[in-house]
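Listed here are the chains, written in short residue letters.
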Amino acid sequence: MKALAIDAETAWQQLLDRDPAAAFFYAVRTTGVFCKPNCKSRRPLRDNVRFFTSTDAARAAGFRPCRRCKPETLTTSPFDKIRGYIEAHLDRPVPLAELGRVGNLSPFTVQRLFKKEVGVSPLQYQRALRAARLRNGLKQGGTVTDAIYEAGFGSSSRAYEGSALGMTPARFAKGGKGEHIGWATARTPFGWMVVGSTERGLCWLALGATSAEAEASLREEFPLATLRHDPSLSRLVDEALESVRDGSDLVRSRADVQSLDLRGTVFQLRVWQALRAIPRGETRSYSQLARELGEPNSTRAVARACATNRVAIVVPCHRVVGASGSLTGYRWGVERKRQLLDAEGC
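Residues numbered from 1 in each chain as written. Predicted model: local features only at pLDDT ≥ 70, side-chain atom pairs only at ≥ 80, totals over all residues. Heavy atoms only, no water.

## What to know about the sheet that holds strand S6 (residues 191-198)
Taking strand neighbours across the sheet as the criterion, the 4 strands line up as S7-S6-S5-S8 in an open arrangement whose pairing is mixed. Looking along the sheet, the strands with just one partner apiece sit at the ends: strand S7 (201-208) and strand S8 (226-229). Direction aside, the axes of adjacent strands within the sheet are offset by 25° on average. Note that strand S5 (residues 180-188) and S8 share 4 bridges and pair parallel. Along S8, the bridge assignment pairs Gly182 with Arg228. Helix-sheet contacts for helix H10 (residues 211-221) involve S5, S6, S7 and S8, and the interaxial angle to S6 is about 30°. (Pairing = 2+ DSSP bridges. Helix = DSSP H or I, 4+ residues; strand = E, 2+ residues; numbered from the N terminus. Axes fitted to C-alpha atoms, helices over the stretch in contact; angles between N-to-C directions. Contact = heavy atoms within 4.5 Å.)

## Comments concerning the pattern of salt bridges
Pairing between side chains of opposite charge can happen when their charged atoms approach one another. Here the structure, examined in full by the defined rule, presents 8 salt bridges. Residues Arg219 and Glu215 are paired through a salt bridge, measuring 2.7 Å at the closest nitrogen-oxygen approach. Of the two residues, Arg219 and Glu215 are both situated in helix H10; the distance of 4 residues between them amounts to about one turn of the helix. Residue class for Arg219 comes out partly exposed when judged on its relative accessible area of 40%. (Salt bridge = Lys/Arg side-chain N within 4 Å of Asp/Glu carboxyl O. Buried < 20%, exposed > 50% of the residue type's maximum accessible area, 1.4 Å probe, protein only.)

## A short note on the sheet that holds strand S1 (residues 25-28)
Within the open sheet, the 4 strands sit side by side as S3-S1-S2-S4. Their pairing is mixed. In the strand order of this sheet, the two ends are held by strand S3 (49-52) and strand S4 (64-65), each with one partner. Direction of pairing for S1 relative to S3: antiparallel, over a ladder of 4 bridges. Opposite Val28, over in S3, you have Val49 as the bridge partner. This element, helix H1 (residues 8-16), spans S1 and S3 of the sheet and lies at about 105° to S3.

## Description of the confidence of the model for the protein
Chain-level statistics for the protein give a pLDDT mean of 76 and a share of 76% at 70 or above. When mean pLDDT is taken per element in the protein, strand S2 (residues 33-35) scores highest with 95 and helix H8 (residues 156-162) scores lowest with 40. Low pLDDT (under 50) marks residues 138-174, which in the prediction has 80 contacts with non-local residues, meaning those over four places away or in another chain. Low pLDDT, under 50, characterises residues 249-258; the predicted model gives this stretch 14 contacts beyond four residues in sequence or across chains. (pLDDT = per-residue confidence, 0-100.)

## Concerning the nonpolar core
Counting 51 residues, the largest nonpolar core has Leu205, Val271, Leu275, Val302 and Ile313 as the members making the most contacts within it. Looking at this core, the elements with two or more residues in it are S5, S6, S7, H10, helix H11 (234-246), helix H12 (266-276), helix H13 (286-292) and helix H14 (299-307). Per-element accounting of this core gives the leading share, 6 residues, to S7. Beyond its immediate chain neighbours, meaning those up to four positions away, Val271 contacts Leu289, Leu293, Val302, Ala305 and Cys306. In this structure, Ile6, Trp12, Cys35 and Cys69 belong to the second largest nonpolar core, which totals 15 residues. (Core = buried A, V, L, I, M, F, W, Y, C linked by side-chain atoms within 4.5 Å.)

Here it is, written out as structure tokens:
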């Protein structure tokens, strides 16, 4: 079996969060050292970081182990054993009973342990890994068929159903190649806003200091998609602003869910749906949101899902604050977050 592909975007976020459950090692070019994701050393610059699936791979690339986090120290906790087993068997479903035998735990304890550590079940974790491998394979320019089967999916239909790509695997390849996305920008009280929409619905909503900056964010997300300026989509900007002013929503029922074209893991999609259920004028802390999801120990996973939200305002991640009520980081700046909350009367 080939080594597990690493989704660099997800890995970088896990590094920033110092996620102890992250399944990789990172190396810093300027120091020549490789570390565990939860190393307490100073965070490096993104451009200086490389990711590896094993310590052997990091050493082979010329890096030496960190003396602080000791990445080569053998870890034999039940969780790590189970996680490693899942990663080695992405080509088939692994029953809880089988995972229990690996970790010498009951199936119920395996399920509970996984949800505590990473916020999702073992099955959801396996699906997320397959999706990450598929996305990585497609971005590397291989054929869609090869990427699908190397990711552990038995067919293209199963890949589309289980990968959470939003667009089909073929269209996600190489930054949305073959996908047609209409876009529009407009000035708003919160800066310039850009919206992008596929035939399935809104796939991108971001803010910028200028129209060019906002548009650039869409082009960076889908570099090889066919982008078409469509002034009629400015109605989506108006509707997004309406959701701030009076709590209306682009998606008013489950029947209309296709008007959003979201991409994410099973857990991310659950978090985004929970964000959309927060009433206008109210906020939640990350820990409160985790409890509402029935995952009280997944606060960090909830925070990561908020950070990767691709449809700002409509999926209102700005309504999530720190446990003390303080405004925590926001992709488009804390001041914009403050402005949005003030407009909603929070």
